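Chain residues, written in single-letter form:
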Amino acid sequence: MKTFTNFFRDAQGRIVIAQWPNYPLWIAIVCFFLTRLSIIGFWGLIISLLYWSFLEIVSGVNSWRRFLGFVVALSQFLKLLKLLLPTL
């Protein structure tokens, strides 16, 4: 059970599951609403989420945040792959 709780603990021993969004995530939120208006919002959403996920993978506060960054990056890469290769 200790390993499970360590997955969510930061360097100070606090359990961190969610944090206040940083700038790339705020941009992704804005771009999400802009996707209804233009293709720029769609690409902005993908790029900002890829950047956010990179930041989480490299400097996430705990294993959960790094795992979350990996899952988001994987989903965005799969979305791009589906867009570029529609037969898959």
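Located above this text is the structure these notes cover.
Residues numbered from 1 in each chain as written. Predicted model: local features only at pLDDT ≥ 70, side-chain atom pairs only at ≥ 80, totals over all residues. Heavy atoms only, no water.

Q: Can you explain the pattern of salt bridges? Please cite residues and give values.
A: Taken as a whole, this structure holds 2 salt bridges when the rule is applied. Across the pair R14 and D10 runs a salt bridge, and its minimum N-O distance is 3.0 Å. E56 is paired through a salt bridge with R65; the nearest N and O atoms lie 3.0 Å apart. Residue classification places E56 among the buried residues on the basis of a relative accessible area of 6%. The buried category is assigned to R65, whose relative accessible area is 7%. (Salt bridge = Lys/Arg side-chain N within 4 Å of Asp/Glu carboxyl O. Buried < 20%, exposed > 50% of the residue type's maximum accessible area, 1.4 Å probe, protein only.)

Q: So what's going on with helix α4 (residues 63–84)? Residues and values would help.
A: Its 22 residues give α4 an end-to-end C-alpha distance of 31 Å, which sits within 8% of 32 Å, the value for a rise of 1.5 Å per residue. When α4 is considered as a whole, its buried residues turn out to be R65, G69, V72, A73, Q76 and L80. The buried residues of α4 all sit within an arc of 100 degrees when viewed along its axis, so they share a single face. Each element contacted by the buried residues of α4 is listed here: α3 (39–59). (Helix = DSSP H or I, 4+ residues; strand = E, 2+ residues; numbered from the N terminus. Expected span 1.5 Å × (residues − 1). Arc of directions from axis to C-beta. Contact = heavy atoms within 4.5 Å.)

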